[in-house]
There are 6 protein chains.
Amino acid sequence: MPHLVTFGEIMMRLAPPNHERLAQAPALAVTYGGGEANVGAALAQLGLPAAHAGCFPDNPLGRAAAGHFRRYGVDMRPCVFSETGRLGLYFLEVGASLRPSRIVYDRAESAFARLDPAAFDWPTILDGARWLHWTGITPAISAAAARACAAAIAEARRRGLTVSADVNYRRNLWQYGQKAQDVMPPLVAGCDLVVCTEGDAEDLFGIRPAAGAPNGFASVAGQLIARFPQIKQVIATRRDTQSASHERICGLLFQDGQYYETVPYDIAPVVDRIGGGDAFLAGFIYGATAYADDPARALAFATAAAALKHTIPGDVNLVTAAEVEHLVAGNTTGRLLR
Amino acid sequence: MPHLVTFGEIMMRLAPPNHERLAQAPALAVTYGGGEANVGAALAQLGLPAAHAGCFPDNPLGRAAAGHFRRYGVDMRPCVFSETGRLGLYFLEVGASLRPSRIVYDRAESAFARLDPAAFDWPTILDGARWLHWTGITPAISAAAARACAAAIAEARRRGLTVSADVNYRRNLWQYGQKAQDVMPPLVAGCDLVVCTEGDAEDLFGIRPAAGAPNGFASVAGQLIARFPQIKQVIATRRDTQSASHERICGLLFQDGQYYETVPYDIAPVVDRIGGGDAFLAGFIYGATAYADDPARALAFATAAAALKHTIPGDVNLVTAAEVEHLVAGNTTGRLLR
Amino acid sequence: MPHLVTFGEIMMRLAPPNHERLAQAPALAVTYGGGEANVGAALAQLGLPAAHAGCFPDNPLGRAAAGHFRRYGVDMRPCVFSETGRLGLYFLEVGASLRPSRIVYDRAESAFARLDPAAFDWPTILDGARWLHWTGITPAISAAAARACAAAIAEARRRGLTVSADVNYRRNLWQYGQKAQDVMPPLVAGCDLVVCTEGDAEDLFGIRPAAGAPNGFASVAGQLIARFPQIKQVIATRRDTQSASHERICGLLFQDGQYYETVPYDIAPVVDRIGGGDAFLAGFIYGATAYADDPARALAFATAAAALKHTIPGDVNLVTAAEVEHLVAGNTTGRLLR
Amino acid sequence: MPHLVTFGEIMMRLAPPNHERLAQAPALAVTYGGGEANVGAALAQLGLPAAHAGCFPDNPLGRAAAGHFRRYGVDMRPCVFSETGRLGLYFLEVGASLRPSRIVYDRAESAFARLDPAAFDWPTILDGARWLHWTGITPAISAAAARACAAAIAEARRRGLTVSADVNYRRNLWQYGQKAQDVMPPLVAGCDLVVCTEGDAEDLFGIRPAAGAPNGFASVAGQLIARFPQIKQVIATRRDTQSASHERICGLLFQDGQYYETVPYDIAPVVDRIGGGDAFLAGFIYGATAYADDPARALAFATAAAALKHTIPGDVNLVTAAEVEHLVAGNTTGRLLR
Amino acid sequence: MPHLVTFGEIMMRLAPPNHERLAQAPALAVTYGGGEANVGAALAQLGLPAAHAGCFPDNPLGRAAAGHFRRYGVDMRPCVFSETGRLGLYFLEVGASLRPSRIVYDRAESAFARLDPAAFDWPTILDGARWLHWTGITPAISAAAARACAAAIAEARRRGLTVSADVNYRRNLWQYGQKAQDVMPPLVAGCDLVVCTEGDAEDLFGIRPAAGAPNGFASVAGQLIARFPQIKQVIATRRDTQSASHERICGLLFQDGQYYETVPYDIAPVVDRIGGGDAFLAGFIYGATAYADDPARALAFATAAAALKHTIPGDVNLVTAAEVEHLVAGNTTGRLLR
Amino acid sequence: MPHLVTFGEIMMRLAPPNHERLAQAPALAVTYGGGEANVGAALAQLGLPAAHAGCFPDNPLGRAAAGHFRRYGVDMRPCVFSETGRLGLYFLEVGASLRPSRIVYDRAESAFARLDPAAFDWPTILDGARWLHWTGITPAISAAAARACAAAIAEARRRGLTVSADVNYRRNLWQYGQKAQDVMPPLVAGCDLVVCTEGDAEDLFGIRPAAGAPNGFASVAGQLIARFPQIKQVIATRRDTQSASHERICGLLFQDGQYYETVPYDIAPVVDRIGGGDAFLAGFIYGATAYADDPARALAFATAAAALKHTIPGDVNLVTAAEVEHLVAGNTTGRLLR
């Protein structure tokens, strides 16, 4: 029985090694990732079982993508293998210092975009699970994906699961004729926890910090909770990006009218820029179980998990709970462990 | 001034090294290829200048593809960089022995498929050139590509260039609503030289060997020439595939009512299965210049070039004319050259 | 519910690439394998679910080994992670031509050797399964492993599973004070199907071909069935090793007093020498389901699977049922699949 | 028609990866570079066409070097392939932190050093071009190279091209019996723009900052312009090297009696220490066209280009004009671009 | 004749490249190291001949390990190849930033642990040598290793060699039934020079800084010398670890009642965390010869050597004396050397 | 004390992996080799100690080359590190099937070519040795090298060592103004054993098979012995090259008027074409000791060693005597060794 079920697209990621540019690269490192399944894989490393529902082309690429997540402990049996559509791809040029990392997406016409909502039997998929997670990318991909997402949320609510979303507004993705501003609110209304930055709140919900609010995030989070009463927690990371090689992040939480913020972590060098937010959320889901009555502790755990993610290649946060706790306990100097 | 101009699509090729399968590969070797540009690049290695007309997305992938062919001596200035469409890809699992190599195409919605025929100024592109080459893949991709191909052939004919085509019928490609059997004949009618197997002749033109014909290829070639009087030469390779690691090929030519066939070459091991036909044609174009009055010699050169191609990684035949001549001269034992 | 449950040790495999020797290798390719789990992973590729029971050290190496098999579709939940013992290793120097491949084992004191038989709850593990597979390596490793193996067989018999064993006698392994000749017979007595060569039959059971028997394998197999009446099928591959780069194998089966033998397959080059026997058995288990009434067909499937294995890097046979059928259908020439 | 023509030597660069030392490296990364052609290749990335004149051995190494620069958009047709001499090499040990990167040159007796000045038909090579660039390395290599360089400059002057030089004095190179102090002044006299540090000015021309001059570079640049009236602009980068992994650079320009200096950029980590100066000059040539009336803007562009170069492997600055402008616009934090 | 003889275990080191974790690594970089032989190899790079006595399994792994140290100039003829025991291994996950590097040891039952003390003919091994070095790891491994170590020290004393030890207390290693606190003192009593941190001094000898001592290291070193009158010098490095990617180290020496401390060096990034202490000691042994009368100079040399080590992959410090002197002379900025 | 001393040049070898051509290779595999030191290294693997005298540039390349041979057991102390000259290089394109492997030499002006004959103190170098080996490459490189070679031979003769030479005539190498036909005879006159093919015998000594001789090699060898009475044995391999991937070799010996020839070995695939002759000679030197009275056995050993060499990457034959004996004993099928 999974603790967590995620729903979303998984792509192949192709990246030149050693900071090469695509124009010069004779080989590309291959891995697979998706903003939802990354959360499940990270949670499985922390010790809580996860399952993923998605849709792949029934070809060697789709099977390879599924195998990648199985390897890291995600139960992929809820996934569908389809005769139509391709595996989405993204190309990642890894920057350094003043040069940003850059993503070239190649995800159009994917099997996931063309999924059949009826192919997902949510009562079975969610049976025994305690948490459902989705992101704002999924309803952006296609009308079918949005419908499947709505069905999953509805069933999760019926069963009393905790539902979380990373609202993650990406303007370019919304191409199928619906507006995020119309599609997202009813989906978000079914959530207990959302990841939402100030920018997302404005873009999606027209919510801005109250004039003179001392803390923009808290102001926005309070308004979100007011608008969507099912939401109890709003979280986010704040990035103070120094360079492509140096991130500084801290964790933010608003809950029960109270604002929490962690100390910042410096990550230098950044080994992998991708997946920090997913690792943060996986850490928060873990923390919500391990430290159910201590939101500050859960937030600290989530933030440390996010920081560690950026030291690990690939989309997935391959760290154990003990390793995260080691950092939470203040061991920030990276002293050799024998 | 190029000797040869080619027109067609170029794709990124992604292949697991060391006979790995996609399901297990942590990295993919990257190269670029296309059945038309491969001919130009091979010809440039042989010492005759080549140029290519095609269409790429205006992104790092498209630019990388163009750079790849420039590296091997192809003038890419006739290419168009477009805001619409993606770079087509193909994934190649390299087989061994009893296990076939396998290609997974991912080329839908490419910039080339969506090209604007008006973007190619054929009088300028063909100015000073002596030869135009295209393949049956191009008109299969989209109506726009077919139109551009027809325009190129027409202009080439006006200018008196030699026109060649590898008719190369691939049933799966013809998806845009036209039939190959309708589109190809008027295009082939403009050719001086075609690569055409017995299978292609039947599929595309309904031409079969005459009953009791001692030589199927010669019979078919004769009928092709009869139907399309511009054609003077029909060529092909005959493959006697022993295993994924062992090919045997010989070259066939029908011209002036006469049939030519080379001795076969054994290639074991096959280093790269792709691009042999393109190398064959490049070799024949070279031979048509170097041995204008000796078609058997030109055919021998072309076949040796094709055999050498299978010993070289990538789509492009990186051999010099001297290296081909060395093999034509009977040096088949691969004795170390110091 | 798994179709197949396997029980046995999994080791890390470390091999210099490109035919290097250990004395010169700056890097080693890492994979994981075990004679039992390899069968499960191959079966999962063929489409039948598999689970594995084993024991790993609770450290990054043990977790990596488990993840490897999850990736290829094996349910690893029956595995135990233990505080004691190490992950067994083997180093593989990949030979070529006249130079044999060579294995240096480093598997002493492994977590598997030190497993606690009580840690495996066989009724639960075998619940819903249809087949149990073990090999003669497991009872050779330690008394504890032998006891756990006996318990698994006993429970499988109680539940009516099919039980198979690859008897696989390796003299060097039996170091814990018991003799294979004493330990193996009662275990083999619980089997429905055994893989057993003539050499194994003599070494383990003192069974030799009857004087003047026209077919040694059939003679031995018949005696085995006579001695262990639960056994209904005896299978084996016959290898006619031409060189480290060229194997020839055919499949043998004795059942119901009848002897079956397939045509031989030549594998040249051999990409990976390891795991052919495991692929053979996985193929036979698949065939026993797909062609329940046609043992010759099942044997043909198994032998083709084994042949394909030697074209794939790693211990595990990453081929689909369709790919095996393609070879069974006589497509032995490795012609490119587009 | 190229915008820029460069003339100089191109070498193969061989570098151990991952900060290895030559004593331990099992493989070397191969690329090609030369202080002049690097400028052309960088300019081609920025969108202005470039051509290069040089001399290679007519062997696979020479052809590979030429192909490398074609790939990045440089027209190599003005190059000569010669029967005499070798391809110069340099070995690069990539340092880190306190350990400097170290170059071992192996360039003696190169084809370029032995070039025949008559082999370069400068009127044809420079036809239609607007800019000629050379460096002080070229006349240091051999008397023949110096003569060819003088001929190029003379022809460029005749045609009214802008001529630039990186005077780049390297004492060790001047081995053929002439002194830099004698050879360089007449060549520099033909330049419109020079890159010249204070050290170079003293070593080559005996020019030192005027006593009490508030700005050494400006003082020296003013004297240079006084001595060589054709010169209108003197530029340089100032490096404040923090470690092998951390550079700080700013750009300097003296023109029309006025001194310009950019803000400094910190590059940490330095991905590749080589080619920053060449990227700077390419950026300045681009800027001289794009911002003809705004020398400060051109200098800002050049300096940003140089900073980005150090984040890219190889000798050549693979960045687009848009990417440089992004940095000039103040986006120094390397924030991920999706 | 070696200047230095070392005695100790050598292990194979297996490390995922590019900061990968073991769970995801498809290949492992291989090198070999041991706290004693590393000193000898580093000294040989500095120009003083070294020999090593140890014990390897007589298999390809043991021979590879010995070859590795021969490559770097260590005379391995005093080593024994044994029929019993394995080659010890260690797996190194290379951390970054906040994530520590982590070692998984797999060294039990090694050939070294099972060595026969009688196999080492110390009078012959030490003949002509001037220095013997051992570490506290050796007597921790097994009673046999401890006995051999004692015999080596005794013979070295008889011959008047300088004897040094890195006392290096690792609690986990002492598993064979003796206590470090009993075994180490008589061995240390035979030393002229020891590397000993405050922590080691307390753990092994119960020595703590005197109350109110202004300098803990000096206080402890003084007490050590008082207790073990043969000791004349106590040295150590002090690490101020900023992160897994940033170390700061300085060197400490107590001798003749006087305390010396170097300026600190910052190493950022750390290329390889392992072997800094061994490089420090090799530097000090070199310095003790080159600067016999200037302990501060010897200490400066040792500390610079240790700093450089962390910029070089592998266990061994591949730097020349000139490179160390370059750093001692204050060239800390890593400026490119042509 | 070495059994064998070799004298000759060592070069860096740079080869594209995976059958790539230099024009496409992004990395080159590095190793080191020389026709003389290869013999010593191979002999050391077989268990007989070897030393090498040569001359390297005193730079990181020269030191790396020396370290390479130390790693494989060669005592490099007789080598000289010189301030003048470079390390010779050779580039190797590895062919396949019909495409030959091809070497591009870049060895002019090497430190070895410029060696000072007085730098080699032959009485000390040869002290205690039993065998001296040189090749015809050494006197071809420079007059200085030829003089040093003559001095070594003379001293070896004085001391009663066995002297062997691989006469190995390479026309292109003789560039310094002397003719091989003048230089070689007095050197060969000092040899006890020569490797000499029929072609070499004709080119160097004008010796051809007697008219009607049934065996050309035997006829030529007999004449060689007649002309140079010190020679007692003439050996050679006969290669029947099938392709770049398939060699067939047998060993030839003429001694005491008798001709010996081994059975041929097929090597398919050839992993590395280089060094077979050096491995053959090392095997013969080993055999001359191990089977002093059985020349046929020594020849069999030598031929098996040569065959195995072609299965191993690099110039050096990394096989043990036991592995060679395994092949001599008829184990040609490469059956897996566990």
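Everything numeric here is computed off the predicted structure, so don't read it as measured data.

Cut-offs applied
- Residues numbered from 1 in each chain as written.
- Chains lettered and ligands numbered in written order.
- Predicted model: local features only at pLDDT ≥ 70, side-chain atom pairs only at ≥ 80, totals over all residues.
- Heavy atoms only, no water.
- Helix = DSSP H or I, 4+ residues; strand = E, 2+ residues; numbered from the N terminus.
- Rg over C-alpha atoms; globule rule 2.2 N^0.38 Å.
- Buried < 20%, exposed > 50% of the residue type's maximum accessible area, 1.4 Å probe, protein only.
- Contact = heavy atoms within 4.5 Å.
- Areas by Shrake-Rupley, 256 points an atom, 1.4 Å probe, with all protein chains shown as cover.
- Polar contact = N/O pair within 3.5 Å; in protein donor to acceptor, adjacent residues only side chain to side chain.
- Pairing = 2+ DSSP bridges.
- Axes fitted to C-alpha atoms, helices over the stretch in contact; angles between N-to-C directions.
- Buried area = accessible area lost by both parts, 1.4 Å probe.
- Salt bridge = Lys/Arg side-chain N within 4 Å of Asp/Glu carboxyl O.
- Nonpolar A, V, L, I, M, F, W, Y, C, P; charged D, E, K, R; others polar.
- UniProt positions renumbered as here; feature names shortened; annotations may be inferred.
- Phe/Tyr/Trp six-rings, centres within 6.5 Å; stacked < 30°, edge-to-face > 60°.
- Lys NZ or Arg CZ within 6 Å of the ring centre and 35° of its normal.
- Expected span 1.5 Å × (residues − 1).
- Parallel < 35°, antiparallel > 145°, perpendicular 65-115°, else oblique.
- Left-handed = near helix turned anticlockwise from the far one by under 90°.
- Least-squares fit on C-alpha atoms with pLDDT ≥ 70 in both.

### Re the overall build of chain A
Then, in step 1: Scanning chain A for helices and strands turns up eleven helices and 16 strands.
Then, in step 2: For 338 residues, the compact-globule formula gives about 20 Å, and the C-alpha radius of gyration of chain A, at 19 Å, lands near that figure.
Then, in step 3: Oriented by its inertia axes, the alpha-carbon framework of chain A measures out at about 50 × 50 × 40 Å.
Then, in step 4: Out of the 338 residues belonging to chain A, those deemed buried represent 64%.
Then, in step 5: Considering only residue pairs separated by 6 or more positions, chain A has 67% of its internal contacts joining residues 24 or more positions apart.
Then, in step 6: Total accessible area on chain A is roughly 11,100 Å²; 49% of this is exposed by carbon and sulfur atoms.

### Description of the side chain of asparagine 38 of chain D
Residue and element names in this part refer to chain D.
Then, in step 1: Note on placement: asparagine 38 falls in helix H1 (residues 37-46).
Then, in step 2: A distance of 3.4 Å separates a polar atom in the side chain of asparagine 38 from a polar atom in the side chain of aspartate 315.
Then, in step 3: Beyond its immediate stretch of four places on either side in the chain, asparagine 38 contacts Gly33, Phe69, Asp278, Asp315 and Val316.

### Here we look at the pairing of strand E8 (residues 89-93) of chain D
The side chains of a regular strand alternate, first on one face of the sheet and then on the other.
Residues and elements named next belong to chain D.
Then, in step 1: The buried fraction of E8 is high, at five of five residues.
Then, in step 2: Here E8 shows a buried face lined by Leu89, Phe91 and Glu93 and a second buried face lined by Tyr90 and Leu92.
Then, in step 3: One ladder, built from three bridges, connects strand E2 (residues 11-15) with E8; its direction is parallel. Bridge assignment links arginine 13 to a residue of E8, and that residue is tyrosine 90.
Then, in step 4: By the bridge criterion, five bridges tie E8 to strand E9 (residues 102-106) in an arrangement that is antiparallel. Across the sheet, residue leucine 89 finds its bridge partner in E9, namely aspartate 106.

### Considerations on the sheet that holds strand E9 (residues 102-106) of chain F
Then, in step 1: Taken together, eight strands build an open sheet; the order of strands is E9(D)-E8(D)-E2(D)-E3(D)-E3(F)-E2(F)-E8(F)-E9(F) and the sheet is mixed. One side of each edge strand has no neighbouring strand; the edge strands of this open sheet are E9 of chain D together with E9 of chain F. This sheet shows a mean twist of 30° between the axes of neighbouring strands, independent of strand direction.
Then, in step 2: One ladder, built from three bridges, connects strand E3 (residues 27-33) of chain D with strand E3 (residues 27-33) of chain F; its direction is antiparallel. Bridging from a neighbouring strand, alanine 27 of chain D pairs with alanine 29 of chain F of E3 of chain F.

### What about the interface of chain D and chain A?
Then, in step 1: In this assembly, 27 residues from chain D lie in contact with 25 residues from chain A.
Then, in step 2: Taking both sides of the interface into account, the surface hidden between chain D and chain A amounts to around 2,200 Å²; carbon and sulfur atoms contribute 56%.
Then, in step 3: Ranking the residues of chain D by area buried against chain A places Pro313, Leu336 and Arg338 of chain D at the top, with a combined share of 26%.
Then, in step 4: Seen at the junction of chain D and chain A, the total is two salt bridges.
Then, in step 5: Notably, a salt bridge pairs glutamate 323 of chain D with arginine 21 of chain A, separated by 2.7 Å at the nearest N-O pair.
Then, in step 6: Along the contact surface separating chain D from chain A lie twelve residue pairs in polar contact (both at pLDDT 80 or more).
Then, in step 7: Sorting the residues of the side of chain D that touches chain A by element identifies strand E16 (265-267), helix H10 (295-309) and helix H11 (321-328) of chain D as the ones contributing at least two each.
Then, in step 8: Partitioned by chemical class, the residues of the side of chain D that touches chain A number 15 nonpolar, seven polar and five charged.

### Quick word on the UniProt feature "domain: Carbohydrate kinase PfkB" (unreviewed entry) in chain A
Then, in step 1: The positions UniProt marks with the feature "domain: Carbohydrate kinase PfkB" (unreviewed entry) are residues 1-314 of chain A.
Then, in step 2: Annotation note: span residues 1-314 of chain A, helix share 34%, strand share 24%, distance between end C-alpha atoms 27 Å.

### A closer look at the packing of aromatic side chains
Then, in step 1: Inspection of the entire model under this criterion finds 65 aromatic pairs over all chains.
Then, in step 2: Between tyrosine 90 of chain B and tyrosine 105 of chain B the ring centres are 6.0 Å apart and the planes differ by 40°, which places this aromatic pair in the tilted class. Of this pair, tyrosine 90 of chain B sits in strand E8 (residues 89-93) while tyrosine 105 of chain B sits in strand E9 (residues 102-106), and the two are 15 residues apart along the sequence.
Then, in step 3: Take tyrosine 105 of chain B: its relative accessible area is 30%, and that puts it in the partly exposed class.
Then, in step 4: An aromatic cluster of three or more residues is present, and its members are Phe7, Phe112, Phe120 and Trp122 of chain A.
Then, in step 5: Taking the ring centre of tyrosine 291 of chain A as reference, the NZ or CZ of arginine 297 of chain A above it sits at 4.3 Å.

### Re helix H10 (residues 295-309) of chain F
All names here are of chain F.
Then, in step 1: Spanning 15 residues, H10 covers 21 Å between terminal C-alpha atoms, matching the ideal 21 Å at 1.5 Å per step.
Then, in step 2: For H10, the tally of buried residues reaches twelve of 15 residues, placing the bulk of the element in the interior.
Then, in step 3: All of the buried residues in H10 are Pro295, Ala298, Leu299, Phe301, Ala302, Thr303, Ala304, Ala305, Ala306, Ala307, Leu308 and Lys309.
Then, in step 4: Buried residues along H10 sit against helix H1 (37-46), strand E14 (247-255), strand E15 (258-261), strand E16 (265-267), helix H9 (276-290) and helix H11 (321-328).

### Some words on the packing of H1 of chain F against H9 of chain F
Residues and elements named next belong to chain F.
Then, in step 1: Two numbers describe how H1 lies on H9: the axes approach to 8 Å, and their chain directions differ by 50°. One finds that H1 runs oblique with respect to H9. Considering the relative orientation of H1 and H9, their crossing is right-handed. Touching Asn38, Val39, Ala42, Leu43 and Leu46 of H1 are Asp278, Leu281, Ala282, Gly283, Ile285 and Tyr286, all from H9.
Then, in step 2: By residue class, the composition of the contact of H1 with H9 is eight nonpolar, two polar and one charged.

### Let's talk about the relation of the copies chain D and chain A
Then, in step 1: Mapping chain D onto chain A calls for a rotation angle of 120° and an axial translation of 0.0 Å; the resulting RMSD is 0.0 Å. On the angle and the small slide along the axis, the relation comes out as a three-fold axis. Residue proline 269 of chain D, judged by its C-alpha, is the member of chain D lying nearest the rotation axis, at 4.8 Å.

### Digging into the sheet that holds strand E9 (residues 102-106) of chain C
Then, in step 1: The strand order across the open sheet formed by eight strands is E9(C)-E8(C)-E2(C)-E3(C)-E3(E)-E2(E)-E8(E)-E9(E), and the pairing between neighbours is mixed. Sheet topology places E9 of chain C together with strand E9 (102-106) of chain E at the edges, where each strand pairs with a single neighbour. Each neighbouring strand pair of the sheet contributes to a mean axis angle of 30°, computed without reference to strand direction.
Then, in step 2: Where helix H2 (residues 60-71) of chain E meets the sheet, its contacts fall on strand E8 (89-93) and E9 of chain C together with strand E2 (11-15) and strand E3 (27-33) of chain E, and the angle it forms with E3 of chain E comes to roughly 65°.

### Observations regarding the pattern of salt bridges
Then, in step 1: Enumeration according to the criterion identifies 150 salt bridges over all chains in this entry.
Then, in step 2: For arginine 63 of chain C, the salt bridge goes to aspartate 58 of chain C, with nearest N and O atoms at 3.0 Å.
Then, in step 3: A residue is classified by how much of its surface remains accessible, and arginine 63 of chain C, at 33% relative accessible area, is partly exposed.
Then, in step 4: Ionic pairing is found between lysine 309 of chain C and aspartate 272 of chain C, a salt bridge with its closest N-O pair at 3.8 Å. Here the residue lysine 309 of chain C occupies a position in helix H10 (residues 295-309), and aspartate 272 of chain C occupies one in the loop between strand E16 (265-267) and helix H9 (276-290), the gap between them amounting to 37 residues. Just as lysine 309 of chain C is buried, aspartate 272 of chain C falls in that class too.
Then, in step 5: Each of the salt bridges in this network shares a partner with another, and the network as a whole consists of Arg13, Asp272, Lys309 and Asp315 of chain A.

### Side note on the environment of serine 82 of chain D
All names here are of chain D.
Then, in step 1: Relative to the helices and strands, serine 82 resides in strand E7 (residues 80-82).
Then, in step 2: Separated by 32 residues in the primary sequence, serine 82 and arginine 114 have C-alpha atoms spaced 9.0 Å apart.
Then, in step 3: Engagement of the side chain of serine 82 in a polar contact is seen with the backbone oxygen of threonine 84, the distance being 3.0 Å.

### With respect to the packing of helix H6 (residues 180-188) of chain D against helix H7 (residues 198-205) of chain D
Helix packing geometry: the angle between the two helix axes and the distance between the axes.
Residue and element names in this part refer to chain D.
Then, in step 1: The geometry of H6 relative to H7 is characterised by a closest axis approach of 8 Å and an angle of 110° between their N-to-C directions. Our classification of the angle between H6 and H7 gives roughly perpendicular. Judged by residue contacts, Ala180, Gln181, Met184, Pro185 and Val188 of H6 engage Asp203, Leu204 and Phe205 from H7.

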